[in-house]
Amino acid sequence: MLNPLANQRVRTALTELGQIALLAKEACAALLKWRVAWHDLLYQVVFIGIKSQSVVLITGAFTGMVLGAQTYFQFHKVKMDTATLAVVSVSMCSELGPVLTALMVAGRVGAAIAAELGTMRVTEQIDALRALATHPVDYLVLPRLLAAHIALPVLTVEAIMVGILASYVVGVDVLGIEPTYLWDNMLKYTHQVDVVIGLVKAFIYGGIIALIGCYKGLTCGLGAEGVGRATTEAAVYSSITILITNFFLTLVMGKLVGLL
């Protein structure tokens, strides 16, 4: 038998999963009735998307450069230097691009959403919204959820492009690989399905980040300690969920692609 502490943790985790699912259900119901203001949605797109570009582009560029250099060092042993960029491209499109982008955004945006909503809860602003007959999901959750779904795929595309170009520059200018064959092999072995897989993953990760951040903010404890804990948990739980989800998405979409 599980000890009482482990039992309690399992029950708490399952309860939180159920509450997040209910929050997602309410957000979907609000979306069907389009209970969202355009200016709120645009503000969140700017906050989640445009203001996250710097960290995402830096992450994508240096990930592409490191991956390109490490791939070259191994491929050079078997005289496959010109296949370096193909490996970088496929990896960035289907795995590293969406995952690293989501992790960076989770650390920045997920924590910010939890802190913002948590502060509103502590200062009773959410109760004031209910008193004014405004549903918190319509006004607070839905714009952030839609903005995350919109912004993550765009940020992922930027990270992929920058990562591939940075790897190309390192491969040609630093490592001395033949540029024509390097680029030709990248185009030959990178397929549209790799990009589609990455975009689907990014779309799902955006929803994970927004939902967990909003849930932690709306249910945080009272006081500064509660807001701080909610902020930390939002970033950590989002990152862990993204990594776990990525494994299952890779298996499922890999099987689907194999069947096509």
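None of these values were measured; they are calculated from a predicted model.

A. Representation of the overall build of the protein chain. In terms of regular secondary structure, the protein chain is built from nine helices and zero strands. Its C-alpha atoms give the protein chain principal-axis dimensions of about 70 × 55 × 40 Å. Restricting to contacts in the protein chain with at least 6 residues of sequence separation, those with at least 24 account for 85%. Surface accessibility of the protein chain: about 13700 Å² in total, with carbon and sulfur atoms responsible for 70%. Computing the positive centroid from 17 side-chain charges and the negative centroid from 16, the protein chain places the two 7 Å apart.

B. Inspection of the packing of aromatic side chains at higher detail. Applying the stated rule across the entire model yields four aromatic pairs. Seen in terms of ring centroids, Trp34 and Trp38 are 5.5 Å apart; in terms of plane orientation they differ by 55 degrees. Their pairing is tilted. Trp34 sits in the partly exposed class, given a relative accessible area of 38%. Given the relative accessible area of 56%, Trp38 is considered exposed. For the cation-ring pair, Arg108 lies above Phe47, with the distance from its terminal atom to the ring centre recorded as 4.8 Å.

C. Focus on the environment of Leu100. Within the secondary structure, Leu100 sits in helix H4 (residues 84-122). With relative accessibility at 23%, the residue Leu100 sits in the partly exposed group. Residues Leu100 and Ala159 lie 59 residues apart in sequence; the distance between their C-alpha atoms is 8.8 Å.

D. Structural detail: the environment of Gln125. In this structure, Gln125 sits in helix H5 (residues 125-131). When the C-alpha atoms of Gln125 and His135 are compared, they prove to be 12 Å apart, with ten residues separating the residues in sequence.

E. Summary view of the state of the cysteines. Within the structure shown, the criterion is met by zero disulfides. Just so you know, Cys28 is unpaired, no disulfide at all, and the nearest cysteine sulfur is the one on Cys214, 13 Å from it. In this structure Cys214 is not part of a disulfide, and its nearest cysteine sulfur, from Cys220, lies 12 Å away.

F. Local environment of the nonpolar core. Counting residues in each nonpolar core, the largest one holds 46 residues, and the members touching the most others are Leu23, Ile48, Val105 and Ile242. Elements supplying a minimum of two residues to this core: helix H1 (4-32), helix H2 (38-48), H4, H5, helix H6 (136-174), helix H8 (192-218) and helix H9 (223-259). Among the elements that make up this core, the one with the highest residue count is H6 (twelve residues). Look past the residues within four positions of Val105 in its chain and what remains in contact with it is Ile48, Ser52, Val56, Gly110, Leu152, Leu155 and Ile209.

G. Representation of the packing of H2 against H6 within the structure. Between H2 and H6, whose axes approach to 8 Å, the crossing angle comes to 45 degrees. The angle between H2 and H6 places the two elements in the oblique class. For the pair H2 and H6, the crossing hand works out as right-handed. Taking contact as the criterion, the partners of Asp40, Leu41, Gln44, Val45 and Ile48 in H2 are, on H6, Tyr139, Pro143, Arg144, Leu146, Ala147, Ala148, Ile150, Ala151 and Leu155. Among the residues making up the contact of H2 with H6, the classes are represented as eleven nonpolar, one polar and two charged.

H. Expanded view of a nonpolar patch on the surface. Residues Val236, Tyr237, Ile240, Ile244, Phe247, Phe248, Leu251, Val252 and Leu256 make up a contiguous nonpolar surface patch of about 840 Å² in total accessible area. As for its placement among the helices and strands, Leu251 is situated in helix H9.

I. Main features of H8. The terminal C-alpha atoms of H8, which comprises 27 residues, lie 39 Å apart, in line with the 39 Å expected from a rise of 1.5 Å per residue. Most of H8 is tucked away: 19 of the 27 residues are buried.

J. Highlighting unusual backbone geometry. The backbone of Lys79 shows a phi angle near 60 degrees, a positive value even though the residue is not glycine. Tracing the backbone shows Lys79 in the loop between helix H3 (53-75) and H4. In the Ramachandran plot, Glu124 falls in the positive-phi region, its phi being about 65 degrees despite a non-glycine side chain. You can see Glu124 is positioned in the loop between H4 and H5.

K. Seen up close, the confidence of the model for the protein chain. A residue-level look at the protein chain finds 98% of positions with pLDDT of 70 or above and a mean pLDDT of 88. Ranking the elements of the protein chain by mean pLDDT puts H5 last with 81 and H8 first with 93.

What counts and what doesn't
- Residues numbered from 1 in each chain as written.
- Predicted model: local features only at pLDDT ≥ 70, side-chain atom pairs only at ≥ 80, totals over all residues.
- Heavy atoms only, no water.
- Helix = DSSP H or I, 4+ residues; strand = E, 2+ residues; numbered from the N terminus.
- Contact = heavy atoms within 4.5 Å.
- Areas by Shrake-Rupley, 256 points an atom, 1.4 Å probe, with all protein chains shown as cover.
- Lys, Arg positive; Asp, Glu negative; His and termini not counted.
- Charge placed at Lys NZ, Arg CZ, Asp CG, Glu CD.
- Phe/Tyr/Trp six-rings, centres within 6.5 Å; stacked < 30°, edge-to-face > 60°.
- Buried < 20%, exposed > 50% of the residue type's maximum accessible area, 1.4 Å probe, protein only.
- Lys NZ or Arg CZ within 6 Å of the ring centre and 35° of its normal.
- Disulfide = S-S within 2.5 Å.
- Core = buried A, V, L, I, M, F, W, Y, C linked by side-chain atoms within 4.5 Å.
- Axes fitted to C-alpha atoms, helices over the stretch in contact; angles between N-to-C directions.
- Parallel < 35°, antiparallel > 145°, perpendicular 65-115°, else oblique.
- Left-handed = near helix turned anticlockwise from the far one by under 90°.
- Nonpolar A, V, L, I, M, F, W, Y, C, P; charged D, E, K, R; others polar.
- Patch = residues over 30% accessible without salt bridge, like charges linked within 9 Å, V, L, I, M, F, W, Y side chains within 5 Å.
- Salt bridge = Lys/Arg side-chain N within 4 Å of Asp/Glu carboxyl O.
- Expected span 1.5 Å × (residues − 1).
- pLDDT = per-residue confidence, 0-100.

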